[in-house]
Amino acid sequence: MNRFLLSSGLLGILTLAATIVAQEKPAGTAKLLTPETSLNLRSISDLQFSPDGARVAFIVTEPPKGERRARHIWLYDKKSGAVRQFTFSAKDETSPRWSPDGKQLAFLSNRDDQQQIYVMRADSGEAAAVTKGKRSVRTFAWSPDGKQIAYLAPDAKSDTEEKKDKDKDDARAVDKDDKQPRLWLLTLATSESKALTDSKWEISELAWLTTGDGLVVSATDHPESDQETHRIFSISVPDGSRRLMLAPHGPFRELQVASAGAAVSYVGCRVDGPSPHDLMLLDIGKQATRNLTGASLDRAILEHRWTKDGSVLALYADRFRNKLVGFSPEGMSRNLANPPVTNVNAFAVSEAGEVVFAGQSATTPPELWLWDQKNSPQQVSHLNDSWKQFTLNAPEFYNYQSFDGLEIQAALLKPAGADPKNKLPLIVLIHGGPTGNWQDSIEVWGQLLAARGYAVFYPNIRGSVGYGQKFMEMNRGDWGGGDFKDVMWGVKDLIDRGIADPSKLGIGGWSYGGYMAEWAVTQTNDFKAAVSGAGLSNLISEYGSEEHPSYDEWFYGVPYESDSLVRYLNSSPFTQFRNAKTPTLILQGDADTTDPPGQSQELYRGLKHYGVESQLVMYPREPHALREEKHLLDRLNRMLAWYEKYVK
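So, how was this worked out
Residues numbered from 1 in each chain as written. Predicted model: local features only at pLDDT ≥ 70, side-chain atom pairs only at ≥ 80, totals over all residues. Heavy atoms only, no water. Helix = DSSP H or I, 4+ residues; strand = E, 2+ residues; numbered from the N terminus. Rg over C-alpha atoms; globule rule 2.2 N^0.38 Å. Buried < 20%, exposed > 50% of the residue type's maximum accessible area, 1.4 Å probe, protein only. Pairing = 2+ DSSP bridges. Axes fitted to C-alpha atoms, helices over the stretch in contact; angles between N-to-C directions. Phe/Tyr/Trp six-rings, centres within 6.5 Å; stacked < 30°, edge-to-face > 60°. Lys NZ or Arg CZ within 6 Å of the ring centre and 35° of its normal. Contact = heavy atoms within 4.5 Å. Parallel < 35°, antiparallel > 145°, perpendicular 65-115°, else oblique. Expected span 1.5 Å × (residues − 1).

**Some thoughts on the overall build of the protein**
- Along the backbone of the protein there are 11 helices and 38 strands.
- A globule of 648 residues ought to have a C-alpha radius of gyration of about 26 Å, and the protein, at 25 Å, matches this closely.
- When the backbone C-alpha atoms are referred to their principal axes, the protein occupies close to 70 × 60 × 50 Å.
- A total of 648 residues make up the protein; the buried ones form 56% of that total.

In structure tokens form, the structure reads like this:
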């Protein structure tokens, strides 16, 4: 599946920056970042303007403590300028959504184990659960009149099923016994919930029609399929009758209804994959879609928001930065004077057109900013002021040519005060994906390495997003081919320029980045050490055991056909373990369903067989992105020690 996940626990998500202005620090107070202090970073997400534009609700994810990172709702009040925490439970609160009149705020919380919808007054009071049952709510949306809430949740477990779980009589048939999220309608006045879709259907997204008499949903009646089978339907309220609106080719997300109610928008594929890229419009009552961004922008759309006048703002990936673009109701694009002071990671827009966004850079941590689209944005929060005490190194951005003349953009992080006459030990870090990219945000691995005297090389190799559809497709069926050559030509460029010491090279990454580290050690002995986190050593067994294999299928087909099988084998590191000599540290969560533990176990067994110095570290309970405090710290310390032992 797509290995570029929006989680702060994953290398490649806390990414680096185009901004090269360091934080202002009082003289003599700067400190070096340590593994322990690097974990103390809050993140900001899911920004929501109140209907009157006077307040903003958003999620703050706290630094990891114990086995979790707490998430709570915060509020920013424009009039007073105050930023304050709004929810304080011992568990999590997410997905803040204002009622249409702005008097209440609904959100999801697992404070009673199962995730339920809670509602509380926006000014004060206690939160009350409005859903119940032995099942978790996935997502929800207020009706336009505020009298109902539509939500997605599976059927609750029956008493019999609960007893079987308690008695450990819990064998289940894969697919057949899975409970799929259904569409439910909650009437707030009576507290009654009614299912609008069949239990055999899987519903993954929902949005209300502006008329309030129906919803649009992303749904499939074949949830067991390993292919992309979701389509867009309209569901009538209250009878639940459905009508097929569109069957997009490939994956899609960000399903919304235009503020004027005349169109449905989503981020979809230009052809059929590998990942959603363009902003699509489907006029209600028609079957043809309009691609708003394919020709005029050709950049991956990250999120979009409709405005009151029927225009839309979209956030897109452009090289190492994210930028905003506007589109009129007629579909004409208009460039915005994007904020130069920070990189936009998430945003919301008020009915008056004011923009609030979360922004950061390589040297400044995430904060909340307010922007009227005319003057310079104003920072309104100070959630990460503790980071002002640290010395963070700013990257240099440049382009180089790869083996076939293709221009590759990269960033280079150097140690502070490095003598340009001296060659530096170099660590190459590869992002996740492959349809990911190095972005404009704090990247902890690199900062820690730079603080210890290493140069760090971040290439956005072919297959990355932020450079157009064609660039994103360039490694189809060719992982370890052109993309790996992009890496090596970038390393050669740094050696030729006298920056990198060719005798002191290391490589590492997480997910697809881990795969590239594994591939590298089977192709060259240039690297003195490698770190592979949640990588892929055998693309055939990966396809057979991962969750959602349709992503890999877009690149290679299915491994059951002879032609596809050859391609899978040609890109699998395990077929060339015999060439490996590089000491390799392997890091893996044992609950990872994206790149399952078997991939790292195959790598470890193969390297052991050929006598390669290697170490496999398994992290109990951890999914693809590590979450637990001690595990995150252990990963950083092991990575630093490995490079220190073999590279320096």
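**A short note on the sheet that holds strand S20 (residues 278-283)**
- Taking strand neighbours across the sheet as the criterion, the 4 strands line up as S18-S19-S20-S21 in an open arrangement whose pairing is antiparallel. Edge positions in the open sheet fall to strand S18 (253-257) and strand S21 (289-291), since each of these has one partner strand only. Here the average twist between neighbouring strands, direction ignored, is 20°.
- Inspection of the sheet shows S20 paired to S21 by 3 bridges, in the antiparallel sense. For Met280, the partnering residue across the bridge sits in S21 and is Asn291.

**Quick notes on the packing of aromatic side chains**
- Scanning all chains against the criterion turns up 23 aromatic pairs.
- On the basis of an interplanar angle of 80° and a centroid distance of 5.7 Å, the ring pair of Trp387 and Phe390 is categorised as edge-to-face.
- For Phe390, a relative accessible area of 5% gives the class buried.
- Geometrically, the ring pair formed by Trp642 and Tyr646 is tilted, given 4.9 Å between the ring centres and 55° between the ring planes. Taken together, the positions of Trp642 and Tyr646, both in helix H11 (residues 629-646) and 4 residues apart, correspond to about one turn of that helix. Neither Trp642 nor Tyr646 differs from the other in exposure class; each is buried.
- Among the aromatic residues, those joined into a cluster by ring pairs are Trp479, Tyr512, Tyr515, Trp519, Tyr543, Tyr551, Trp554, Phe555, Tyr556, Tyr560 and Tyr568.
- Directly above the aromatic system of Tyr118 lies the positively charged group of Arg111, at a separation of 4.8 Å from the ring centroid.
- Here Arg135 stacks its cationic end above the ring of Trp184, 4.7 Å away from the centre of that ring.

**Quick word on the sheet that holds strand S3 (residues 55-61)**
- If you trace the 4 strands from one edge of the open sheet to the other, you get S2-S3-S4-S5, paired in antiparallel fashion. Looking at the sheet topology across the chains shown, the edges are occupied by strand S2 (43-49) and strand S5 (83-85). Between one strand and the next, the sheet's axes are offset by a mean angle of 30°, whatever the strand orientation.

**Regarding the side chain of Asn538**
- Here Asn538 is to be found in the loop between strand S36 (529-533) and helix H7 (539-545).
- Note on Asn538: relative accessible area 9%, which makes it buried.
- Apart from the residues lying within four places of it in its own chain, the contact partners of Asn538 are Ser572, Phe574, Gln599 and Glu602.

**Description of the packing of helix H5 (residues 482-496) against helix H6 (residues 512-523)**
- Interhelical geometry of H5 versus H6 gives an angle of 75° and a closest axis separation of 11 Å. Considered as vectors, H5 and H6 are oriented roughly perpendicular to each other. Residues Asp483, Phe484 and Val487 of H5 form the contact with H6, whose own contacting residues are Tyr512, Met516, Trp519, Ala520 and Gln523.

**Some thoughts on the pairing of strand S23 (residues 312-318)**
- With 7 of its 7 residues buried, S23 lies for the most part within the structure.
- Residues Val312, Ala314, Tyr316 and Asp318 line one face of S23 and the alternating positions Leu313, Leu315 and Ala317 line the opposite face, and both faces are buried.
- As paired strands, strand S22 (residues 301-306) and S23 are joined by 5 bridges and run antiparallel to one another. Across the sheet, His304 pairs through a bridge with Ala314, a residue of S23.
- Connecting S22 to the next strand, S23, in antiparallel fashion are 5 residues, including Gly310 with a positive phi near 90°.

**So, helix H10 (residues 597-609)**
- Taking 1.5 Å as the rise per residue, H10 with 13 residues should run 18 Å; its terminal C-alpha atoms sit 18 Å apart, in good agreement.
- Along its buried surface, H10 packs onto H6, S36, H7, strand S37 (584-589) and strand S38 (614-619).
- Once H10 finishes, Gly611 follows within two positions and takes phi at roughly 75°, a positive value.

**Description of the environment of Pro366**
- Assignment of secondary structure puts Pro366 in the loop between strand S27 (355-360) and strand S28 (367-371).
- Here Pro366 falls in the buried class, since its relative accessible area comes to 5%.
- When residues no more than four places from it in sequence are discounted, the contact partners of Pro366 are Leu41, Arg42, Ile44, Gly359, Gln360 and Asn384.

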